[in-house]
Structures are given as structure tokens and as C-alpha cells.
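# Observations on chain architecture
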Amino acid sequence: SVPFLIRLFPTILTKFVFLNFVAFPFFVDLRQPALLLNNTISLYLTTEPGVTVGIWHMVPGSRGAEARGKEQSWYEEALADGHPVIIYLHGNGGTR
């Protein structure tokens, strides 16, 4: 009966295989990473119509003192300062 149900409801397969509805650690607001990580802000990029990707911008420890207490515009300018940017793709776990 399981293959029949998956054929009828393919979203069941994606929900239970990838478990992207489970957020771990529990009861943590990942939209505010500064509560967990120093010198980190949350940004959102629109990659195509209807698709928004959430990202964290983490400043290196060497610029930590400079970043303390800065607004989002400072972090955006830091992305364009010519230093390398490392992109880490965390997968489909539903968390960052």
C-alpha cells in the first residue's frame, strides 16, 4: 500500500525523506543569527520569481571588532570589498 500512496501523493515522499519541515535545534529563530553567532546577519536573495533564498553573512573573526553593532548596510558593503567570499551550501535540512 505504501507505493500506491506515494504514487497518489508524491509530496509525502519529499516530506518524509528530506524532513524539511523539522527545524533543529528546536525553538530557535534562525532569522536572527546574532543570538547564536557573533558578527552574523540574515539576508534574503530573490533568485527567480517566487523563489527566495535565506542566507547568513558571517564576517571573519579578524573583522569581528569592526562589525560589532553595525547595521545591515555595513555587512552589504563588506561583501563588495574585494575579499574572497566562501559559499557553504548546507543541504536540504530546513535549517542553516
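First things first, this report covers the structure right here in the doc. Computed from a predicted structure; not experimentally measured.

### A look at the packing of aromatic side chains
This structure, assessed with the given rule, holds one aromatic pair. With centroids separated by 5.2 Å and ring planes inclined at 85°, the aromatic side chains of Trp-74 and Tyr-75 adopt a geometry described as edge-to-face. For Trp-74, a relative accessible area of 14% puts it in the buried group.

### Digging into the pattern of salt bridges
This structure, assessed with the given rule, holds two salt bridges. Measuring nitrogen to oxygen at the nearest pair gives 3.3 Å for the salt bridge that ties Glu-66 to Arg-63. Three or more residues joined by partner-sharing salt bridges are found here, namely Arg-63, Glu-66 and Asp-81.

### Description of helix 4 (residues 72-79)
Think of an α-helix as turning once every 3.6 residues; residues three or four places apart then point the same way. Within the span of helix 4, buried status applies to Trp-74, Tyr-75 and Ala-78. The buried residues of helix 4 occupy one face: seen down the axis, they fall within an arc of 100°.

Rules and cut-offs
- Residues numbered from 1 in each chain as written.
- Predicted model: local features only at pLDDT ≥ 70, side-chain atom pairs only at ≥ 80, totals over all residues.
- Heavy atoms only, no water.
- Phe/Tyr/Trp six-rings, centres within 6.5 Å; stacked < 30°, edge-to-face > 60°.
- Buried < 20%, exposed > 50% of the residue type's maximum accessible area, 1.4 Å probe, protein only.
- Salt bridge = Lys/Arg side-chain N within 4 Å of Asp/Glu carboxyl O.
- Helix = DSSP H or I, 4+ residues; strand = E, 2+ residues; numbered from the N terminus.
- Arc of directions from axis to C-beta.

Remember, this is a structural readout, not a statement about activity or role.
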